[in-house]
Amino acid sequence: MMSIDDVGIWQERRTPNVRRENEHRSEYERDFSRLVHCSSFRRLQGKTQVLGLGDSDFYRTRLTHSMEVAQVGAAIADHMRFRLQKRQEIFAKGDVAGAPSRHTISRLLPSTHLMSAIGLAHDLGHPPFGHGGESALNYCMRQYGGFEGNGQTLRILSRLESYDVGYGLNPTRRLLLGVLKYPVSYSQAVAMQNIQYPDVEGLPWLIKKKECKPPKCYLDSEEDVVQWIFEGLSVTDRHIFAHPPVKNNKIQYYKSLDASIMELADDICYSVHDLEDAINVNLITKESFFAALPELYAGGEDWKKLCADIDAILEKELPPKAYEAKYEPVEKTLELLFDKDDSLRKKSFGRLMHIFISNCLLRETPGFASPLIQFNAVLPEPFLNLLTLLNKVVGKLVISSATVQQLEFKGQRIVIELFEVRRTDPERFLPAEKVRMYNAAEQQAADGGMRIICDYIAGMTDEFAAKLYERMFCPHHGSVFDRL
């Protein structure tokens, strides 16, 4: 096994790392600070998470979601350290033949600042109007290298943000590895899955979202950044990591330890917090929730047995004195999500979060030498089954609902029409600074300016994009005195 987290390699940055006088912070603390203060992070407050902005001041935006993912990701890593200290099981059963020492694993786990930074950064690349906007931009860019939100995140961190001109926030190598959820290029992913995008004649905004959904990937434009990240891995590990197998036309991506923790945190927040939002605005009622459980669970009515199986595990792990107190069954916790008492509802959502966070373990991916990609965080059964079930409920009752899909379609149209106008006459409709960038990109490569237009629109908030659309396309909106 290679040495863990070689400090000289994983804390490096792409440009000279100049530290200010009396600088005492670690490199990962500096990463965290740069993210908190960057404009791309602030703009997340104006981007959709699930529900449309402006309908309520309660539910989550991409900004609050990212803050929660940062907290949950750090909590998962911290709880794994707690398990190590208490000498509790840290590996999923049967997944490690020769388990490394507890000291080795402790050194491997990401620090709180590193994991928090990865969580804050994970959604920076999402465009306005959620996944509808993502599919729309991918359709617009289908002949120019495509678009994908996770790939755009890497581009923002390593190139677009203005902290270090040409190098974005110039983050550490390990942070970029943690954000790289899908270490396969756009062109490679399209070829591996034989993806073909339609050409929609007449009104391009009438695309079908599923037909224009991008593959999970990084953008070809960031190939040099990815190769720099891979310098921290052996040649063999790089090759395996970047060439995952395909099963049933789906790529079986490899991930780093940090990326796997971040993805678990993202899934937990999506399933629990988005459920909370939907309940609080009455998109999901107690009746519709419990009616959906047997419909969406593979075992039908056995979802109750699933809850009982979790109860059996949790009760065994209670300290002796806790047996004196009355244990609350998981099924009861689900019922309390709909209680009229706000405090009981909040405590129930908090308990679900704790159940998922405290039961995350490690799993070995055979064939890798570097421990940063050899080990991944996982949520074992039956906890994973419950998380997946909650995820499906949100998907069916909220994401797939006509109300949300209509909002996504409206955003899809806005994104495509804004792009097409600028593609047709960029010097007329792009801001002066973007025109200069467009012309420079066109000189470097044919159609290189399309990526500049894509970056411009992807960085818009929902509100900015909607107002810009109104100014350009609605006869009674827009004035030379308007300031967007």
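Going by the structure above, here's the rest.
Here the structure is a predicted model, which means the values were calculated and not measured.

Visitor: It is not clear to me how the packing of helix α2 (residues 27–36) against helix α6 (residues 112–121) should be interpreted in this structure. Could you clarify?
Guide: The relative placement of two packed helices comes down to the angle between their axes together with the axis-to-axis distance. As a packed pair, α2 and α6 sit with axes 8 Å apart at the nearest point and diverge in direction by 30 degrees. Between α2 and α6, the angle falls in the class roughly parallel. Of the two elements, α2 crosses α6, and the hand of that crossing is left-handed. Of the residues in α6, those touching α2 at Tyr28, Glu29, Asp31, Phe32, Leu35 and Val36 are His113, Leu114, Ser116, Ala117, Leu120 and Ala121. Here the contact of α2 with α6 is composed, by residue class, of eight nonpolar, two polar and two charged.

Visitor: What should I look at first to understand the packing of helix α4 (residues 62–85) against helix α17 (residues 342–358) in this one?
Guide: Running from N to C, α4 and α17 cross one another at 55 degrees; their axes reach a closest spacing of 9 Å. If you check the angle between α4 and α17, you find them oblique. Relative to α17, the crossing made by α4 is right-handed. On α17, the residues that touch Val72, Ala75, Ile76, His79 and Arg83 of α4 are Met353, Ile357 and Ser358. Classifying every residue of the contact of α4 with α17 by side-chain character gives five nonpolar, two polar and one charged.

Visitor: Sorry if this is basic, but what is going on with the nonpolar core here?
Guide: Among the nonpolar cores identified, the biggest contains 99 residues, and Ile76, Leu157, Leu275, Ile284, Phe289, Leu334 and Phe356 are the most heavily contacted of them. The element contributing the most residues to this core is helix α13 (residues 257–280), with 12 residues. Those residues in contact with Ile76 that lie beyond four places of it in its chain are Ile261, Leu264, Ala265, Ile268, Ile357 and Cys360. Trp205, Ile207, Ile453 and Ile457 belong to the second-largest nonpolar core, a separate cluster that totals 28 residues.

Visitor: Help me understand α4 in this model?
Guide: Each α-helix winds once per 3.6 residues, and so residues spaced three or four apart point in a common direction. With 24 residues, α4 extends 34 Å from end C-alpha to end C-alpha; this agrees with the ideal 34 Å at 1.5 Å per step. Judged by how many residues are buried, α4 sits mostly within the fold: 17 of 24 residues are covered. Measuring from the side-chain oxygen of the N-cap residue of α4 to the backbone nitrogen of Leu63 gives 3.2 Å; that N-cap residue is Thr61. Immediately downstream of α4, the backbone of Arg87 shows phi near 60 degrees, a positive value.

Visitor: Can you walk me through the pattern of salt bridges in this structure?
Guide: Should their charged atoms come close, side chains of opposite charge can pair. All told, the structure shown has 27 salt bridges when counted by the stated rule. A salt bridge links Arg62 to Asp123, with the nearest nitrogen and oxygen atoms 2.7 Å apart. Here Arg62, found in helix α4, pairs with Asp123, found in the loop between α6 and α7 (130–140); they are 61 residues apart in sequence, far enough to count as distant. Note on Asp123: relative accessible area 3%, which makes it buried. Between Arg159 and Asp224 there is a salt bridge, with its nearest N and O atoms 2.9 Å apart. Taken as a pair, Arg159 in helix α8 (residues 149–160) and Asp224 in helix α11 (residues 223–230) lie far apart in primary sequence, 65 residues in all. Overall, the relative accessible area of 42% leaves Asp224 in the partly exposed class.

Visitor: How do you make sense of a nonpolar patch on the surface when you look at a structure like this?
Guide: On the surface, Leu203, Leu206 and Phe409 cluster together to form a nonpolar patch covering roughly 260 Å² of accessible area. Secondary-structure assignment places Leu203 in the loop between α10 (186–192) and α11.

Visitor: Can you help me understand the environment of Ile357 in this one?
Guide: Tracing the sequence through the fold places Ile357 in helix α17. Each C-alpha atom of the pair Ile357 and Arg20 lies 37 Å from the other, and the pair is 337 residues apart in sequence. In this structure Ile357 touches Val72, Ala75, Ile76, His79 and Ile268, once residues within four positions along its chain are discounted.

Visitor: Explain the packing of aromatic side chains to me, please; I cannot follow it from the model alone.
Guide: Aromatic ring pairs are defined here through the distance separating the ring centres and the angle between the ring planes. With the rule as written, the count across this model stands at 11 aromatic pairs. Their ring planes at 90 degrees and their centres at 5.1 Å tell us that Phe289 and Phe290 sit as a pair that is edge-to-face. You'll find Phe289 and Phe290 in the same group, each marked buried. When the centroid spacing of 5.9 Å and the interplanar angle of 45 degrees are considered together, the rings of Phe290 and Trp303 count as tilted. With Phe290 in helix α14 (residues 286–296) and Trp303 in helix α15 (residues 303–317), this residue pair connects regions lying 13 residues apart in the sequence. A relative accessible area of 4% means that Trp303 is categorised as buried. One aromatic cluster in this structure is built from Phe230, Phe241, Tyr254 and Phe368. Positioned above the aromatic ring of Trp228, the side-chain terminus of Arg173 is 4.0 Å from the ring centre.

Rules of the game
- Residues numbered from 1 in each chain as written.
- Predicted model: local features only at pLDDT ≥ 70, side-chain atom pairs only at ≥ 80, totals over all residues.
- Heavy atoms only, no water.
- Axes fitted to C-alpha atoms, helices over the stretch in contact; angles between N-to-C directions.
- Helix = DSSP H or I, 4+ residues; strand = E, 2+ residues; numbered from the N terminus.
- Parallel < 35°, antiparallel > 145°, perpendicular 65-115°, else oblique.
- Left-handed = near helix turned anticlockwise from the far one by under 90°.
- Contact = heavy atoms within 4.5 Å.
- Nonpolar A, V, L, I, M, F, W, Y, C, P; charged D, E, K, R; others polar.
- Core = buried A, V, L, I, M, F, W, Y, C linked by side-chain atoms within 4.5 Å.
- Buried < 20%, exposed > 50% of the residue type's maximum accessible area, 1.4 Å probe, protein only.
- Expected span 1.5 Å × (residues − 1).
- Polar contact = N/O pair within 3.5 Å; in protein donor to acceptor, adjacent residues only side chain to side chain.
- Salt bridge = Lys/Arg side-chain N within 4 Å of Asp/Glu carboxyl O.
- Patch = residues over 30% accessible without salt bridge, like charges linked within 9 Å, V, L, I, M, F, W, Y side chains within 5 Å.
- Areas by Shrake-Rupley, 256 points an atom, 1.4 Å probe, with all protein chains shown as cover.
- Phe/Tyr/Trp six-rings, centres within 6.5 Å; stacked < 30°, edge-to-face > 60°.
- Lys NZ or Arg CZ within 6 Å of the ring centre and 35° of its normal.

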